[in-house]
Amino acid sequence: MSADGANQAVAREALQEIQRYLADQLAPMMVVDAANVLLRMPPKVGAAAIRQWVESQLSAPDRAVTVGGYLYHSVKKFHVLSECQLVEPAAMERYLSELSRIVVQMCPEREQAELRAKLSRIGEVRTTLSETVRLLNREAGTEEQERRLKQIIEEQQRRERETGGAAAAGEPRIVMPSPRLAMMMGRLEGLSEAVAAEREEVKTQVLAPLLTKAALEAGDAAQFQSTLDQLRGQGVEPGFDWMFKTLGRSVPGWSIDLDQVPDGVAAPLGRPLQAMHKIVALAGSSEEGSERLSELVYAAIEQLNDGHLAQAVSMLDLAQRLIDEQKVDRELAETVRLRAQESVSLSAMRKFASAHAKHGLLRKVLRFFPAFRPDELLARLDGEPKREQRKLILSLIEVHGQPARPKLLKRLASYRSGELPDPEGFYSRNVVFLLRRIPLPASGDQGEELELLSEFSRPGRPFMVTKEAVGAIAQLTLPRAERLLLDRLAGFEFEALSESTPYLPDELQEMLDRTCAALVRFGSPAAVRAVVDHAFRREPPLGDVTGRLVHLSSSDLSDHRQQLERLLGALGEALPAKFLGVTVGRRVHHVGQLVRALSGSRTAAVRNRFREIAERYAGQPFAEQAREALARWGAGPQAETEDGSPAELSGDLELFGLPTLLQSLADTKATGRLVICGSNGRERAAVFFADGGIVHCGVGRLRGLDAVCQLFERPQPGSFRFVKPSADDPPLHGKEALEVMPTILEAVRRHDEFQEDRALVPDGASLASAPGAVPTPPEEETDDVFVETVWREATRGTAPESCEGAAGADAYRVRRLYAHWFEIGALKLRPAV
């Protein structure tokens, strides 16, 4: 577009805004830019705009207002801008001098003298029209907004006079809100009953975007307060607790790993969170800031207790950011944490802890509140009398993961030294249990841990402690750990055969079983030999020694030929005889145990023996086990990727989180098809990956980036599954791919803007074109065919959500056009029938 064309477009838009201002559709604060544009143009241009507006008013049925009255009203509206100091008074005075002369010539002769007299004292008398103009196309709340604005500005001017002309130090100036914010405010009048009833959908779809925009536009606390005053006039009492709860409900149910955001790219803090940040940052004192932080934290806890973990984490992350940025006093913030943590629902924590996919998010909650950090949880564990509470504490410590291991080792050392009493071993057992459950770090010295576990696994310690310690030793990779387990197996065998032992027979047999399982995990010749030797012992106090061989089912004994031959020999001896077609024998259960022990070894000798068993002993349980092993070997190993990851991944979409899911597939450079299903199980979307990039996405008729963004703009509960490509699938490599993180950031941006546009033009809205309207699109929309399609549907009265299908675009692009045209006056709401 040429410079002249651009100037004409700006002038045309300014004139449209001025005409809406004359009709009381826009408040003075909303036309400042348009007025300044008009002041740079000849007064005859403004006079032409007035003429066009007056003609439209005269076409109304009610003709109680004269032409002179409309003309005076028009000039007076220009003068109000000067009265409120929204424009330069001297420039407006010069402009009105020439404009008044032209306007008088437009008036019928019989009214010119009266109009000329009224215009001569326009700055002295406040003149208002009768009801006609107010009823014509008037937006809700405009008169009240003007009155409140005038009061605010007059008060500011009074203070400036008292202080010598300038605003007091640190006192902010009034900054006018955008036209869009005023239009969003105007929507509240028709929703007053819903707001009074505190309907959640109204809060989320209307009030939350309105609060978001008001906070983000506020140049200072005074401007934000003026918006809150207007809300009070609409029947809303905007306390800070209400604000944070309302904004919290609009936070999307996902989180983004900020560490994955490329350098130089702004962190994707969504608009509702940005608004919360601004509201706290606008506090006038540290005490006020801590109060607002407290309301933010309590609103986050409400989300947490209601089951919305991702939203709660986003809000608590924001609270931590505010503390780190020193927007609030650290000591006061710590008081907020301590007070608020009492409101956290333990049942909600229990639910989230039971879902492993939620542990990453839950960990952030635990770190925020002092009572849920490892040291505090361990202190509460020691002495907690209720079993359910102990289980919860254990699960929360497990959620902390590897960072909790040093705390556990320190605690265990205190039990060993006697610094902390534990004569029955209840608490040391819990600590060792956690060491077994929490994975070892990739690197680090395991010597201290092995030393502690050696002490707590030795015979003579309480049974529950010893059993857990043996399992924890199996996780260690030190050669000394294997030697320790070999020693423990011999020690437990001795205890079982001893006439004086502190353990019950069942306890000893369970410890022997746990030790054999731990040795199999090492898989060394010495470990396998020890387990097989143990199985060939026949002393009754040792229990079912053959049954402990089943732990070998996960091992391939091809490299342990001597032990493999011993087991095959034992299997041959244990097979029952057949007499007249009837299987006889007393050790059939031993056969099944031996078959299971050998089911991981695919040697020719094992295959032949299993075929013989399957054919000769058909109908026997152990024969079925042999047949299943042969069938599994025939099908080959379970389908896996080259890096050993499973061929298929599935789960609950809401539990996992869409951004997390997409980023996980990108991080692992996955290739395959991600299928997203709705809650009814029907396929909603298919996203194809090649080496971690998105090469195709389809959601209904949408394709590519618009399709991915639609999943964010209109999120739905459901499930997902990721399937590796099969031979029948089309090739995925070699196609242009979307990078996942930039795609996620764009989708999040569209989601936020879609919510604001939907607040301005809600679902179900029916609109019509304004007289002479031109469907000028926003600058970023360059698809003329798409624009024409949406305009055609919009002017037919098609609701915006219904237009999405007709236009073949995502919700954001369609709603952006509806909102833009409504904002510039090209579209207007159809009157209710």
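Use the structure listed above.
Anyway, here's the lowdown on the structure attached to this text. Fair warning: this is a prediction, and the values are worked out from it, not measured in the lab.

Thoughts on the pairing of strand S4 (residues 672-678)
Judged by how many residues are buried, S4 sits mostly within the fold: 6 of 7 residues are covered. As defined by bridge partners, S4 adjoins strand S5 (residues 683-690) across 6 bridges and the pair is classed as antiparallel. Paired with Gly-672 across the two strands is Phe-689, which belongs to S5. In textbook terms, the turn of a hairpin is the stretch between consecutive antiparallel strands, and for S4 and S5 this stretch comprises 4 residues, one of which, Gly-681, has a positive phi near 90°. Alignment of S4 against strand S8 (residues 718-723), held across 6 bridges, turns out to be antiparallel. Bridging from a neighbouring strand, Val-675 pairs with Arg-721 of S8.

Brief notes about the side chain of Asn-430
In this fold, Asn-430 is placed in helix H23 (residues 426-437). A relative accessible area of 6% places Asn-430 in the buried class. Non-local contacts of Asn-430, meaning those with residues more than four positions away in its chain, are made with Leu-381 and Leu-394.

Comments concerning the side chain of Ser-100
Topologically, Ser-100 is positioned in helix H5 (residues 89-106). Side-chain polar atoms of Ser-100 contact the backbone oxygen of Leu-96, separated by 2.7 Å. Those residues in contact with Ser-100, other than ones at most four positions away along the chain, are Val-75 and Leu-119.

Thoughts on empty space enclosed by the protein
Using the criterion set out here, one finds 4 cavities of 30 Å³ or more in the structure. Quantified by volume, the largest cavity comes out at close to 110 Å³. What lines the largest cavity is a set of 11 residues, and nearest its centre among them are Pro-209, Thr-212, Pro-272, Asp-752 and Gln-755. Every element with two or more residues in the lining of the largest cavity is listed here: helix H11 (200-217), helix H14 (271-281) and helix H36 (740-760). A class-by-class count of the residues in the lining of the largest cavity yields 3 nonpolar, 5 polar and 3 charged.

Describing the layout of surface pockets
In this structure, the second largest pocket occupies an estimated 900 Å³ of space. Every residue lining the second largest pocket is counted, 36 residues in all, and those nearest its centre are Pro-252, Gly-253, Gln-311, Glu-654 and Pro-715. Of all the secondary-structure elements, those providing two or more residues to the lining of the second largest pocket are H11, helix H13 (240-249), helix H16 (309-324), helix H33 (653-656), helix H35 (704-713) and H36. With 4 residues, the single largest contributor to the lining of the second largest pocket is H36. In terms of residue class, the lining of the second largest pocket is made up of 14 nonpolar, 13 polar and 9 charged.

Focus on the state of the cysteines
Tallied over the entire structure, the rule returns 0 disulfides. Free cysteine Cys-709: the closest other cysteine sulfur is in Cys-697, separated by 9.2 Å.

So, the packing of H23 against helix H25 (residues 463-473)
At a minimum axis separation of 8 Å, H23 and H25 run at an interaxial angle of 15°. With respect to H25, the element H23 is oriented roughly parallel. Seen from above, H23 lies across H25 with left-handed handedness. Here Phe-426, Ser-428, Arg-429, Val-432, Phe-433 and Arg-436 of H23 lie close against H25, whose contacting residues are Met-464, Val-465, Glu-468, Ala-469, Gly-471 and Ala-472. Split into classes, the residues belonging to the contact of H23 with H25 amount to 7 nonpolar, 2 polar and 3 charged.

A look at H25
Burial runs high along H25: 10 of the 11 residues are buried. The secondary structure elements touched by the buried residues of H25 are H23, helix H24 (447-457), helix H26 (479-497) and helix H27 (505-522).

Observations concerning the nonpolar core
In terms of nonpolar packing, the biggest core is built from 207 residues, with Phe-78, Val-297, Met-349, Leu-362, Phe-369 and Phe-610 touching the most fellow members. No other element matches H16, which puts 10 residues into this core. Residues within four places of Phe-369 in sequence aside, it is in contact with Val-297, Ile-301, Leu-316, Arg-337, Ala-340, Gln-341 and Val-344.

Conventions and cut-offs
Residues numbered from 1 in each chain as written. Predicted model: local features only at pLDDT ≥ 70, side-chain atom pairs only at ≥ 80, totals over all residues. Heavy atoms only, no water. Buried < 20%, exposed > 50% of the residue type's maximum accessible area, 1.4 Å probe, protein only. Helix = DSSP H or I, 4+ residues; strand = E, 2+ residues; numbered from the N terminus. Pairing = 2+ DSSP bridges. Contact = heavy atoms within 4.5 Å. Polar contact = N/O pair within 3.5 Å; in protein donor to acceptor, adjacent residues only side chain to side chain. 1 Å grid on protein atoms, 1.4 Å probe; cavity = no way out; pocket = protein on both sides within 12 Å on 5 of 7 lines; lining within 4 Å. Points joined across faces, edges and corners; volume = space filled by probe spheres on them. Nonpolar A, V, L, I, M, F, W, Y, C, P; charged D, E, K, R; others polar. Disulfide = S-S within 2.5 Å. Axes fitted to C-alpha atoms, helices over the stretch in contact; angles between N-to-C directions. Parallel < 35°, antiparallel > 145°, perpendicular 65-115°, else oblique. Left-handed = near helix turned anticlockwise from the far one by under 90°. Core = buried A, V, L, I, M, F, W, Y, C linked by side-chain atoms within 4.5 Å.

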